[in-house]
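Report on the structure
Chain by chain, the residues run as shown.
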Amino acid sequence: MSARRTAILISGRGSNMASLIDAARNPDFPAQIALVLSNRPDAPGLATAKAHGIATAAVDHKIYAGREAFEGSLQAMLDTHRIDFICLAGFMRLLTASFVERWRGRMINIHPAILPSYKGLHTHERALADGVKLHGCTVHYVVPEMDSGPIIAQAAVPVLDDDTPETLGARVLAQEHVIYPLALEIAASGRVRIDGNRVIGAAKTNDNRTLVSPRP
Ligand code: GAR
């Protein structure tokens, strides 16, 4: 099977994007990063992508009257680049149900928490406030409900006594950079099957690579 033409959608820094670009440099990787698209023209990740020789585009949500019009331009850009798989990587716009349905099974997202705990924003602050001992990250297929959908990969990290949202967030981010390329590899390879909320077959691939990271 030829590599899936993949777009990464970002809104900011793009460190997860960079980890995906890096993984996709392997000629055996089942996804090819064909476009990096941001809803913010000033997103630092766009410059990083350009420096890697990847096509970039900005579709500024602020100039559109509503979500449908914004997504119309988004879809046109994806069509122009013949994209057939999407990775959301710190893309901070909610997508409409019709856009999500159009891409169902072909769009994945990374979230900085062990879903279904801590959907939404400020996950590290909330985990610290709750006193949980494990926190982490999740890559999942995107469905219309926010931060839901079949889970492809997760990683857990310990929460330490002296953690701040920043130190905890950095520990989680290091694991995001491990599991996102892994999850893209799993999802783009077509080796897995989605059965309700479950991704069947993913465990075989990520047994030894999804981890609880050791104390730093
Ligand atoms: C990442 O931590 C990602 O999990 C999070 O935004 C950050 C983007 O960083 N995503 C969300 O919160 C989505 N709800 P990056 O631009 O360096 O990849």
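The structure presented is a predicted model; accordingly, all values stated were derived computationally and were not measured.

Right, let's talk about the site of the ligand for a bit. As a structural note, the neighbourhood of the ligand is formed by R13, G14, S15, N16, G90, M92, I110, H111, P112, L173 and E176. Separating an oxygen atom of the ligand from a side-chain N or O atom of R13 is a distance of 2.5 Å. One nitrogen or oxygen atom from the side chain of E176 is found 2.7 Å from an oxygen atom belonging to the ligand. Protein contacts shield 86% of the accessible area of the ligand, which totals 440 Å² for the unbound molecule. Elements with a minimum of two residues in the shell around the ligand: α1 (15-24), β5 (107-111) and α6 (165-189). Tallied by class, residues from the shell around the ligand come to 4 nonpolar, 5 polar and 2 charged.

With that out of the way, let us pick up the packing of aromatic side chains. A full pass over the atoms with the stated rule returns 2 aromatic pairs. Between F99 and W103, the ring centres sit 6.5 Å apart and the planes meet at 35°, which makes this aromatic pair tilted. Accessibility expressed as a relative area gives 4% for F99, which makes it buried. Given a relative accessible area of 2%, W103 falls into the buried group. Here the guanidinium or amino end of R106 rests over the ring plane of W103, the centre of that ring lying 4.2 Å away.

For the rest of this paragraph, the subject is the packing of helix α5 (residues 123-130) against α6. Contact geometry for α5 and α6: axes closest at 9 Å, N-to-C directions at 115°. When the axis of α5 is compared with that of α6, the two are roughly perpendicular. Here α5 and α6 pass one another in a crossing that is right-handed. Contacts between α5 and α6 involve H124, E125, A127 and L128 on the former and, on the latter, P165, L168, G169 and V172. A breakdown of the residues in the contact of α5 with α6 according to their chemical character gives 5 nonpolar, 2 polar and 1 charged.

This next bit is on the nonpolar core. Counting 43 residues, the largest nonpolar core has I8, V36, I108, I152 and L184 as the members making the most contacts within it. Residue contributions to this core peak at 10 residues, all from α6. With sequence-adjacent residues up to four places away left out, I8 is seen in contact with M17, L20, I21, I33, L35, V36, L37, C87 and A89. Formed by 20 residues, the second largest nonpolar core is a distinct cluster that contains A7, A34, L35 and A57.

The next point concerns the environment of H135. One can find H135 in strand β6 (residues 134-141). Linking H135 and A155, residues 20 residues apart in sequence, is a C-alpha distance of 8.4 Å. Side-chain polar atoms of H135 contact the side chain of H124, separated by 2.9 Å.

So, about the pairing of strand β1 (residues 4-10). Consecutive side chains of a regular strand alternate in pointing toward one face of the sheet and then the other. Among the 7 residues that make up β1, 7 are buried, leaving the element largely enclosed by the rest of the structure. Across the two faces of β1 the burial is the same, with R4, T6, I8 and I10 and R5, A7 and L9 all buried. Note: β1 against strand β2 (residues 31-38), 7 bridges, orientation parallel. By the bridge assignment for β2, T6 is matched with I33. Between the parallel elements β1 and β2, the chain passes through α1 in a crossover that is right-handed. Relative to strand β4 (residues 85-88), β1 runs parallel, the two sharing 4 bridges.

Here we take up unusual backbone geometry. For the bond from L115 to P116, the omega torsion is 10°, close enough to zero to count as cis. Structurally, P116 is set in the loop between β5 and α5. Residue R82 is not a glycine yet carries a positive backbone phi of 50°. When you line up the elements, R82 lands in the loop between α3 (67-80) and β4.

About the cut-offs
Residues numbered from 1 in each chain as written. Predicted model: local features only at pLDDT ≥ 70, side-chain atom pairs only at ≥ 80, totals over all residues. Heavy atoms only, no water. Near = heavy atom within 4 Å. Polar contact = N/O pair within 3.5 Å; in protein donor to acceptor, adjacent residues only side chain to side chain. Areas by Shrake-Rupley, 256 points an atom, 1.4 Å probe, with all protein chains shown as cover. Helix = DSSP H or I, 4+ residues; strand = E, 2+ residues; numbered from the N terminus. Nonpolar A, V, L, I, M, F, W, Y, C, P; charged D, E, K, R; others polar. Phe/Tyr/Trp six-rings, centres within 6.5 Å; stacked < 30°, edge-to-face > 60°. Buried < 20%, exposed > 50% of the residue type's maximum accessible area, 1.4 Å probe, protein only. Lys NZ or Arg CZ within 6 Å of the ring centre and 35° of its normal. Axes fitted to C-alpha atoms, helices over the stretch in contact; angles between N-to-C directions. Parallel < 35°, antiparallel > 145°, perpendicular 65-115°, else oblique. Left-handed = near helix turned anticlockwise from the far one by under 90°. Contact = heavy atoms within 4.5 Å. Core = buried A, V, L, I, M, F, W, Y, C linked by side-chain atoms within 4.5 Å. Pairing = 2+ DSSP bridges. Right-handed = clockwise from strand over helix to strand, strands pointing away.

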